[in-house]
6 protein chains.
Amino acid sequence: MRNDSRQPNMLRDVNITTNVNKHAEGSVHIQFGDTKVICTASIEERVPPFMKGQGKGWITAEYSMLPRATHTRNQREANRGKLSGRTMEIQRLIGRALRSVVDLHALGERTITLDCDVIQADGGTRTTSITGAFVALCLAVEHIAKHHKFDRYPITDFLASVSVGIIDEVAMLDLNYEEDSRAKVDMNVVMTGSGKFVEVQGTGEEAPFSREELNELLALAEQGIHQLIDAQKQAIGAAASRIRGE
Amino acid sequence: MRNDSRQPNMLRDVNITTNVNKHAEGSVHIQFGDTKVICTASIEERVPPFMKGQGKGWITAEYSMLPRATHTRNQREANRGKLSGRTMEIQRLIGRALRSVVDLHALGERTITLDCDVIQADGGTRTTSITGAFVALCLAVEHIAKHHKFDRYPITDFLASVSVGIIDEVAMLDLNYEEDSRAKVDMNVVMTGSGKFVEVQGTGEEAPFSREELNELLALAEQGIHQLIDAQKQAIGAAASRIRGE
Amino acid sequence: MRNDSRQPNMLRDVNITTNVNKHAEGSVHIQFGDTKVICTASIEERVPPFMKGQGKGWITAEYSMLPRATHTRNQREANRGKLSGRTMEIQRLIGRALRSVVDLHALGERTITLDCDVIQADGGTRTTSITGAFVALCLAVEHIAKHHKFDRYPITDFLASVSVGIIDEVAMLDLNYEEDSRAKVDMNVVMTGSGKFVEVQGTGEEAPFSREELNELLALAEQGIHQLIDAQKQAIGAAASRIRGE
Amino acid sequence: MRNDSRQPNMLRDVNITTNVNKHAEGSVHIQFGDTKVICTASIEERVPPFMKGQGKGWITAEYSMLPRATHTRNQREANRGKLSGRTMEIQRLIGRALRSVVDLHALGERTITLDCDVIQADGGTRTTSITGAFVALCLAVEHIAKHHKFDRYPITDFLASVSVGIIDEVAMLDLNYEEDSRAKVDMNVVMTGSGKFVEVQGTGEEAPFSREELNELLALAEQGIHQLIDAQKQAIGAAASRIRGE
Amino acid sequence: MRNDSRQPNMLRDVNITTNVNKHAEGSVHIQFGDTKVICTASIEERVPPFMKGQGKGWITAEYSMLPRATHTRNQREANRGKLSGRTMEIQRLIGRALRSVVDLHALGERTITLDCDVIQADGGTRTTSITGAFVALCLAVEHIAKHHKFDRYPITDFLASVSVGIIDEVAMLDLNYEEDSRAKVDMNVVMTGSGKFVEVQGTGEEAPFSREELNELLALAEQGIHQLIDAQKQAIGAAASRIRGE
Amino acid sequence: MRNDSRQPNMLRDVNITTNVNKHAEGSVHIQFGDTKVICTASIEERVPPFMKGQGKGWITAEYSMLPRATHTRNQREANRGKLSGRTMEIQRLIGRALRSVVDLHALGERTITLDCDVIQADGGTRTTSITGAFVALCLAVEHIAKHHKFDRYPITDFLASVSVGIIDEVAMLDLNYEEDSRAKVDMNVVMTGSGKFVEVQGTGEEAPFSREELNELLALAEQGIHQLIDAQKQAIGAAASRIRGE
């Protein structure tokens, strides 16, 4: 039995509130249990220098945690003067994952920056961020669509992410912090609405894992991601129908 | 008439929600109109090296804005690798102001760090932060009081802050962003429950101001701060009675 | 009685020597007692990127202390790799204060940078810097005037600054280091020749202050600033007549 | 056909030269085709502060490329003043992978730092680094074993890494630079001698991938890693017999 | 007798291998005994901003040591976030020395960057770097010459460098690490093929030196440099004849 | 004829004023013509960590220029966040030179830091700094001697420095800025009172130089340094007799 009474294959409560920021073109407050993240999407009508003149847009992401998002207070990265390796790894992952479901040519020469700020952390901050950032991205694309007619809708499929892991020999879905720190194998999976993998990152630092265990974890993740995509569809409403899936 | 229909001497709607973070010893979500700040208080049972062995505690503050707290997205200070002068000035002000109503000897050798993270900005982020941080500080002191009997209650008086300014020759209370950018004179006032000044910072970059104007602004600020302290009292409940005022 | 035998309402000896640097367009060595600051004004015939094309000039300031300006040696900020919050706060203040008496349109698209380098510190380095930087600024404007005819003289009023504070319940003018470290209330005032406030920054970290105390301090500051402006007039000579005052 | 005439399931030529540095306790020059990496292992008889007094050792890794390891010259990270996200991600991966086959308690309170410096890059620098660093680590452990009798041999299994990817719909092993830049799916696999996964990092930024494709890639990686471990065994000679495999 | 059995006036074994990097326009692996340096020359068809439009080229150098090039491991400068004073001093020296034998107008508006990366250090890393970088530079100029006809050959003379020092009252040539740490006087000399000095840097931190000692050291250096230039000539082959010497 | 009417073998006017700073244990304002440097010596009764417990003292130096010490204003190194290579090279040179005439064992476990701050620059800032810092160092040692009886006097010899160079084929002493920028060969020499070299740094970036030219320059430097040491003796008065010379 899990410390929050879930079955191994259950997600935590998922809650997505849209339009939580009056300035951002897209914004979301997302919760996976006690993990709470604010995701905002900001549009700029230009692309970074290395992409100029290619007729393509760009999607990028930044990730941060408030100092007291965690059990004990963390020093701000702005005070240390640099981003940690963990932060950089996560924000590279979020950006890469979102780009996999965006047709950058269809988007046109604009940049959408997704900021994922963790307000409270209880495990799974990167999967919560990806899942929420996708919704904020959809809202921002809808915002553009109000005064710009896209030839093709720039978002090509749904995208969500969840963690899975092996704890006491049992494969479990959507680990909270207490579970994450006990897991022997830990995996983050990003998947599309059409059921394909975008990222599979499994780590067995504490104990290597077999092909069978890998398969079991992937099946669990797949099931969780279907549920998350259902929650995303509710959050974005009518715009969901414009995402074809591939 | 102001762009949000207020009279010159009216505050924006003030809203203080306590215990918004499950990890922090004190936490508050505070709104002055559309300015929203999360204030958390984190307790450490030690003081910085320069204060060791003096039998006194320490209060310090940090301030930050989410990148999209503002109309256009700002670069994160962690990415630029350093804090801006504005950020440093504000967090020094918050810490100094709070220390003025804390009896550091009564607090004992512990540090309370107040984090003020601006979720959405519409003018007055520093005054909102001070007002909210005071409440988070009270909650943290109450948290200590649960298992530690203070000889003297460490908080000696209430403390709140508000901005005032002169716009189109009219003195106005609690400026929002649009007003702040038009103000000829801009002043931030921090005051105690017993009606004394802790900080008076008036700037007439656009137009110097006379002694009469200064007096008018201070009177307006005093009135606003009384109302803010009433809101703080409601937020902290019974603990309010332990703050003597001096 | 003060430790240097002054009456509470007396300034320290003020000494302003002009043209102390053969390269700078304006330069001053200024002393308030044992506080010694070199102020240089450097002209560039361009403005920062954010001001381009507006037909206006810009005034900015930098402040630093030699490592052994103080009782014990301080580490250089260049070695620590960043400016302290205190330094940033002071140089923002100096720049803002000077801009309040400059007609930036009349100045034209050029930047004047005021460097205030504290050679020896004994309290009041920021007020000494502002008072000296104003003179260096006047000399630099005169330097431009030699080969450029201004439509309007760009300096609109005199400007000086002094500190005041409450020590042992007595309001005192122009605190030295020993006094500054004992003061319960500490205030820096920047004022124009026509007697208006540009900056009022009062701090009662050690003890909040009443409206009466504030008024007493402001009166003391006003009197000191009149004397400082007299010293500035002597230093700049004939150019003084070109500053109208408003 | 691949641009270097390999079959899809063939590794590039692998070459491991040991003891290439007279100072380091373990050192290796490793080549996967034109990718050349120097791996050194440095022993310190202490652990980082956060691990003190636990009776355990620590394994950590750093990764860098010479500026002209690549087609065009890259700026040194020391000049930019910070590590890139890519570098941090890779060195975290190398350290984590190596720790998975080290019994840190058996190692005792010492740190082994693996430096992987890429002399020439042609794709697969992280997999080459992991494979070479494992050999340097073995040599360093043998170095300790000369004057210290381990209760248990600290290395618990072999460990190697290879990349796989899908190019033109074909799954291929050990991608070179040209292939890597064309691959639609790119995966790095780290595996033990006993055939278990330590890291599986698959990315389909260009095109999501199915479960079948994932399985095909993993099978290819498994086969390549067996061959790499054979090369490692030859390089370390007699010490190979001390690694039990689990 | 020296610890490696050399006579005082003997160089260590010198070995220069060219074209060790498949990407760089010029590359060399150079050894002075156990000191091993990889020197690469990278050509860019542009000059730094401060040199634009002058019709001249630029030569610059960077120097670094692998962390375990030395007896004990050194922290990477990229991790410390800045270059040490020693590194900056050495790379300024290498660049300056090489520019002394390059006709920058003849080179045309292009930049050649020499990277000197010390793989293993045993004293004399800066002299080995200069001597090797000169050869890499020649190879890069030959690379340009393949598709560009120079009016004048841009390299005007040979250039090599060696260290000399006084140990136990004896002047010695080409100090290794053990000797370098015992030397009372330490001098690095850079000289052209025509026997003129480009750099003479002598330091007597441990014991000042007389004019006679200086002369003896310079004579020793001169002899060593002639031998080094012979080794350079062999390394570059036919191109040697294009360097006129002046 | 030189632009300031000196003969080739003449120094500029040298002026040394002592005790210019009320806080520092030793302080000097030194001028070589229009080059003006403030040198302060600060004593700490401890040594850096790497020297602890050896019964020896330490001498270190820092060097900086005020932003407008030069013809055009330079950006502060504190703003750029790091020291330039030039600054580091100079402060390493100053420290090394001073240590050559200090008996660190006789000094005892204390650190003297020499700060050389260039107020106005007109060539030769490093030689002026060394010459002035030596005097500040002597004053600081005298300061210690007031309450501490040294077994041996810690300063073993006088020390001064001057630049020499070749301009229009003529060897000249003590170059000013205009001369320095035209010199084909440029050399800085540091020498003791007993006529031995501590540092000889000659650079022929523009044109290599012969042994004869080197000798002529050294002779010129030697003559200038004798004169500088005479000026130092006057500045330090009676303490001069305590410096034995070796």
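Owing to the predicted nature of the structure, the values given are computational and were not obtained by experimental measurement.

Mind laying out the overall build of chain A, listing which residues take part and the relevant values?
Secondary structure assignment for chain A yields six helices and nine strands. Taking 18 Å as the expected radius of gyration for a compact globule of 246 residues, we find that chain A reaches 18 Å, a close match to that expectation. Projected onto its principal axes, the C-alpha positions of chain A cover 55 × 45 × 30 Å. Within chain A, contacts between residues separated by at least 24 positions form 71% of all contacts whose residues are at least 6 apart in sequence. Element-wise, carbon and sulfur atoms account for 46% of the exposed surface of chain A, whose accessible area totals about 9300 Å². Taking the average location of the 29 positive side-chain charges in chain A and that of its 33 negative ones, the two points are 7 Å from each other.

Quick rundown of the environment of Val170 of chain C? Include the residues and the values.
By the secondary structure assignment, Val170 of chain C is in strand β7 (residues 170-173). C-alpha separation for the pair Val170 of chain C and Ala61 of chain C, spaced 109 residues apart in sequence, amounts to 33 Å.

Describe the arrangement of the chains, listing the residues and the values that go with them.
When C-alpha atoms are compared, chain C and chain D, though not in contact, are closest at a spacing of 11 Å. Chain E makes no contact with chain B, the minimum C-alpha separation between the two being 11 Å.

Just give me the short version of the sheet that holds strand β7 (residues 170-173) of chain B, but keep the residues and values in it.
Pairing is antiparallel across the open sheet formed by eight strands, whose spatial order is β7(B)-β6(B)-β8(B)-β9(B)-β9(C)-β8(C)-β6(C)-β7(C). Of all strands in the sheet, those bounded by a partner on one side alone are β7 of chain B together with β7 of chain C. The sheet shows a mean angle of 15° between the axes of neighbouring strands, taken without regard to direction. The sheet contacts of helix α2 (residues 85-99) of chain B involve β6 (159-167), β8 (185-192) and β9 (197-203) of chain B together with β9 (197-203) of chain C, and relative to β9 of chain B the element is tilted by about 150°.

An account of the pairing of strand β6 (residues 159-167) of chain C is needed here, citing residue identities and associated values.
Residues and elements named next belong to chain C. In terms of residue burial, β6 counts as a mostly covered element, since nine of its nine residues are buried. Burial along β6 is two-sided: Leu159, Ser161, Ser163, Gly165 and Ile167 facing one way and Ala160, Val162, Val164 and Ile166 facing the other are all buried. Bridge analysis of β6 against β7 gives four bridges, and the strand direction is antiparallel. The partner of Gly165 across the bridge, within β7, is Met172.

Describe in detail the relation of the copies chain A and chain B, supporting the description with residues and values.
For the pair chain A and chain B, the superposition axis carries a translation of 0.0 Å, the fit reaches an RMSD of 0.0 Å, and the rotation angle comes to 180°. The relationship between the two copies is best expressed as a two-fold rotation axis. A share of 100% of the interface residues of chain A reappears at the interface of chain B, consistent with the copies meeting face to face through the same patch.

Outline the interface of chain A and chain B, listing residues and values.
Between chain A and chain B, the residue contacts involve 37 residues of the former and 37 residues of the latter. Both sides together, the interface formed by chain A and chain B hides about 2800 Å², and carbon and sulfur atoms give 45% of it. Looking only at chain A, the three residues that lose the most surface to chain B are His23, Arg68 and Arg76 of chain A, adding up to 26% of its buried area. Linking chain A with chain B are 16 salt bridges. Inspection of the chain A/chain B interface yields 28 residue pairs in polar contact (both at pLDDT 80 or more). Of all the secondary structure elements, the ones that give two or more residues to the side of chain A that touches chain B are β3 (35-44), β4 (58-65), α1 (77-80) and β5 (111-120) of chain A. A per-class count over the side of chain A that touches chain B returns 13 nonpolar, eleven polar and 13 charged.

I'd love a proper account of unusual backbone geometry, names of residues and values included.
Glycine aside, residues mostly have negative phi angles, and peptide bonds mostly take the trans form. Residues and elements named next belong to chain E. A positive phi angle, close to 55°, is found at Asn19, a residue other than glycine. What makes Asn19 exposed here is its relative accessible area of 57%. The backbone phi angle of Asp168 is positive, close to 50°, even though this residue is not glycine. Considering the arrangement of structural elements, one finds Asp168 in the loop between β6 (159-167) and β7 (170-173).

Got a sec to walk through helix α6 (residues 211-236) of chain C? Specific residues and values, please.
The α-helix winds at 3.6 residues per turn, so residues separated by three or four positions along the chain end up facing the same way. Residues and elements named next belong to chain C. In this model α6 runs 37 Å from its N-terminal to its C-terminal C-alpha over 26 residues, within 8% of the 38 Å that 1.5 Å per residue would give. Residues Leu214, Leu217, Leu218, Leu220, Ala221, Gly224, Ile225, Leu228, Ile229, Gln232 and Ile236 constitute the buried set of α6. In the stretch just after α6, Gly237 is the one whose phi turns positive, near 65°.

Got a sec to walk through the interface of chain D and chain E? Specific residues and values, please.
Between chain D and chain E, the residue contacts involve 37 residues of the former and 37 residues of the latter. Here chain D and chain E share an interface that buries about 2800 Å² over both sides, 44% of which is from carbon and sulfur atoms. Seen at the junction of chain D and chain E, the total is 16 salt bridges. When residues of the side of chain D that touches chain E are traced back to their parent elements, those giving at least two are β3 (35-44), β4 (58-65), α1 (77-80) and β5 (111-120) of chain D. When its residues are assigned to classes, the side of chain D that touches chain E shows 13 nonpolar, eleven polar and 13 charged.

Lay out the UniProt feature "binding site: phosphate" (unreviewed entry) in chain A in plain terms, naming residues and giving numbers.
This chain's UniProt record puts "binding site: phosphate" (unreviewed entry) on Arg86, Gly124, Thr125 and Arg126 of chain A. Taken along the chain, the residues just named run across 41 residues; in space they keep tight, none of their C-alpha pairs more than 13.3 Å apart. The exposure class assigned to Arg86 of chain A is partly exposed, which follows from its relative accessible area of 29%. Residues contacting Arg86 of chain A, with those up to four places away along its chain left out, are Tyr63, Met65, Thr125 and Arg126 of chain A together with Arg92 of chain D.

Describe empty space enclosed by the protein, with residues and values.
Within the structure shown, the criterion is met by three cavities of 30 Å³ or more. Estimates place the volume of the largest cavity at around 50 Å³. Lining of the largest cavity is provided by Leu66, Pro67, Arg68, Ala69 and Ile119 of chain C together with Asn21, Ile38, Thr40, Asp115 and Asp117 of chain F. Counting only elements with at least two residues in the lining of the largest cavity, the list comes to β3 (35-44) and β5 (111-120) of chain F. For the lining of the largest cavity, the residue count by class is five nonpolar, two polar and three charged.

Can you break down the UniProt feature "domain: Exoribonuclease phosphorolytic" (unreviewed entry) in chain A residue by residue, with the values?
All names here are of chain A. Under the present numbering, the feature "domain: Exoribonuclease phosphorolytic" (unreviewed entry) in UniProt falls on residues 11-140 and 158-223. Regarding residues 11-140, the helix share stands at 30% and the strand share at 31%, and the terminal C-alpha atoms are separated by 27 Å. For residues 158-223, helix accounts for 29% and strand for 42%, while the C-alpha atoms at its two ends are 14 Å apart.

Which residues make up the packing of helix α2 (residues 85-99) of chain C against helix α4 (residues 125-145) of chain C, and what are the values?
All names here are of chain C. Closest axis-to-axis distance for the α2/α4 pair is 10 Å, and the angle between their directions is 40°. Put simply, α2 runs oblique to α4. For the element pair α2 and α4, the recorded crossing hand is right-handed. Two secondary-structure elements touch here, α2 through Arg86, Ile90, Leu93, Ile94, Ala97 and Leu98 and α4 through Thr125, Arg126, Ser129, Ile130, Ala133, Phe134 and Leu137.

Give me the lowdown on the sheet that holds strand β8 (residues 185-192) of chain E, citing residues and values where you can.
Note on sheets: strands pair through backbone hydrogen bonds, and any given pair is parallel or antiparallel. If you walk across this open sheet you meet the eight strands as β7(E)-β6(E)-β8(E)-β9(E)-β9(F)-β8(F)-β6(F)-β7(F), and the pairing is antiparallel. Where the open sheet ends on each side, the last strands, each with one partner, are β7 of chain E together with β7 (170-173) of chain F. Between one strand axis and the next, the sheet turns through 15° on average, direction left out of account. Where helix α6 (residues 211-236) of chain F meets the sheet, it contacts β9 (197-203) of chain E together with β6 (159-167), β7, β8 (185-192) and β9 (197-203) of chain F, and its direction lies at approximately 140° from that of β6 of chain F.

I'd love a proper account of the pairing of strand β5 (residues 111-120) of chain C, names of residues and values included.
Residue and element names in this part refer to chain C. Among the ten residues in β5, ten count as buried, and that is most of the element. As paired elements, strand β4 (residues 58-65) and β5 share eight bridges and run parallel to each other. Opposite Ile59, over in β5, you have Ile112 as the bridge partner.

Basis of the calculations
- Residues numbered from 1 in each chain as written.
- Chains lettered and ligands numbered in written order.
- Predicted model: local features only at pLDDT ≥ 70, side-chain atom pairs only at ≥ 80, totals over all residues.
- Heavy atoms only, no water.
- Helix = DSSP H or I, 4+ residues; strand = E, 2+ residues; numbered from the N terminus.
- Rg over C-alpha atoms; globule rule 2.2 N^0.38 Å.
- Contact = heavy atoms within 4.5 Å.
- Areas by Shrake-Rupley, 256 points an atom, 1.4 Å probe, with all protein chains shown as cover.
- Lys, Arg positive; Asp, Glu negative; His and termini not counted.
- Charge placed at Lys NZ, Arg CZ, Asp CG, Glu CD.
- Pairing = 2+ DSSP bridges.
- Axes fitted to C-alpha atoms, helices over the stretch in contact; angles between N-to-C directions.
- Buried < 20%, exposed > 50% of the residue type's maximum accessible area, 1.4 Å probe, protein only.
- Least-squares fit on C-alpha atoms with pLDDT ≥ 70 in both.
- Buried area = accessible area lost by both parts, 1.4 Å probe.
- Salt bridge = Lys/Arg side-chain N within 4 Å of Asp/Glu carboxyl O.
- Polar contact = N/O pair within 3.5 Å; in protein donor to acceptor, adjacent residues only side chain to side chain.
- Nonpolar A, V, L, I, M, F, W, Y, C, P; charged D, E, K, R; others polar.
- Expected span 1.5 Å × (residues − 1).
- UniProt positions renumbered as here; feature names shortened; annotations may be inferred.
- 1 Å grid on protein atoms, 1.4 Å probe; cavity = no way out; pocket = protein on both sides within 12 Å on 5 of 7 lines; lining within 4 Å.
- Points joined across faces, edges and corners; volume = space filled by probe spheres on them.
- Parallel < 35°, antiparallel > 145°, perpendicular 65-115°, else oblique.
- Left-handed = near helix turned anticlockwise from the far one by under 90°.

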